Amino acid sequence: MADAPLAGQVALVTGGVRRIGRACALALARDGADIVVHARTARADAEAVAREAEALGRQALVVMGDVVDEGAVEAMMAAIDARFGRLDILINNAALRRESHFLEMSFAEWREITGVILDGAFLCSRAALRRMVPRGHGRVVSMGGLSARRGGAGSAQGGAGKAGVLGLTRA
């Protein structure tokens, strides 16, 4: 169908319940993709996005899990395999947004924020690519944002994580 360029494809959006993630999931659904909505804790929000995708005539699946937990990522991928048998598009969007003054930020907070952004993108990309490469088809899109290029007061950890994701994705 000319009006559904992604028909027959399956897209996973990590952090797909709010803001950019929600917008990506619904844009992909409007373009014909079946949608996998990921959330770590916001099941009701994820189910609401899935219902919106279904209202657009698409299949939708909600997967819950922590993107920095390798076992949780593999469980998400297994659920996608079981339901759809394929994964064509990964949108790395999962992030924690928390502002902290650099001199007052704890190392644990630094690790938590950069971990979700960068380690999560690594684990999800690796798991997705293990499914895409043998088929010779797939796309990985990682959200970077302005903080990756310009930094921002109160968000050194977020900017560093997003800049790392840009480098990972280019590699």
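From a predicted model like this one, the values you see are computed outputs, not experimental measurements.

J.: Would you take a moment to explain the sheet that holds strand β5 (residues 139–142) for this structure?
T.: The pairing of strands in a sheet comes from backbone hydrogen bonds and takes either a parallel or an antiparallel form. In spatial order, the strands read β3-β2-β1-β4-β5; together these five strands make up an open sheet with parallel pairing. The open sheet terminates on both sides in strands that have one partner only, identified here as β3 (60–64) and β5. On average, each strand axis in the sheet is tilted by 15° relative to the strand beside it, whichever way the strands run. As paired strands, strand β4 (residues 89–92) and β5 are joined by four bridges and run parallel to one another. Looking across to β5, one finds that L90 is bridged to V140. Of the strands in this sheet, β2 (34–39) and β3 touch helix α2 (residues 43–55), which is tilted by about 165° from β3. Taken strand by strand, helix α3 (residues 70–84) contacts β1 (10–13), β2 and β3, and its axis lies near 160° from that of β3.

J.: Explanation requested: the nonpolar core in the structure shown.
T.: Counting residues in hydrophobic clusters, the biggest one holds 25 residues, and the most contacted among them are L12, V36, M77, I80 and L87. Of all the elements in the fold, those that place two or more residues in this core are β1, β3, α3 and α4 (107–132). Sort the elements by how many residues they give to this core and α4 lands first, with nine residues. Look past the residues within four positions of L87 in its chain and what remains in contact with it is V10, A11, L12, M77, I80, A128, M132 and R135. The next biggest cluster of nonpolar side chains, apart from the first, holds 23 residues, and it includes L26, A42, V62 and I89.

Cut-offs used in this document
Each chain has its residues counted from 1, running along the sequence as written. Local features in this predicted model are restricted to residues whose pLDDT is 70 or higher, and side-chain atom pairs enter the listing and the counts only when it is 80 or higher, whereas totals over whole chains, interfaces and linings include all residues. Only hydrogens and water are removed before side-chain values are computed, so all heavy atoms of the structure are retained for them. Strand pairing is assigned whenever DSSP detects at least two bridges linking the two strands. Runs of H or I in DSSP of at least four residues are treated as helices and runs of E of at least two as strands, each being numbered from the N terminus. Axis angles are defined between N-to-C directions and span 0 to 180 degrees, where every axis is a line fitted to C-alpha atoms and, for a helix, only to the segment in contact. Should any heavy atoms of two residues lie within 4.5 Å, those residues are considered in contact. Remark: nonpolar core denotes a set of buried residues (Ala, Val, Leu, Ile, Met, Phe, Trp, Tyr, Cys) joined through side-chain atoms within 4.5 Å. Partly exposed residues are those whose accessible area sits between 20% and 50% of the maximum for their type, while under 20% is buried and over 50% is exposed, using a 1.4 Å probe and protein chains only.

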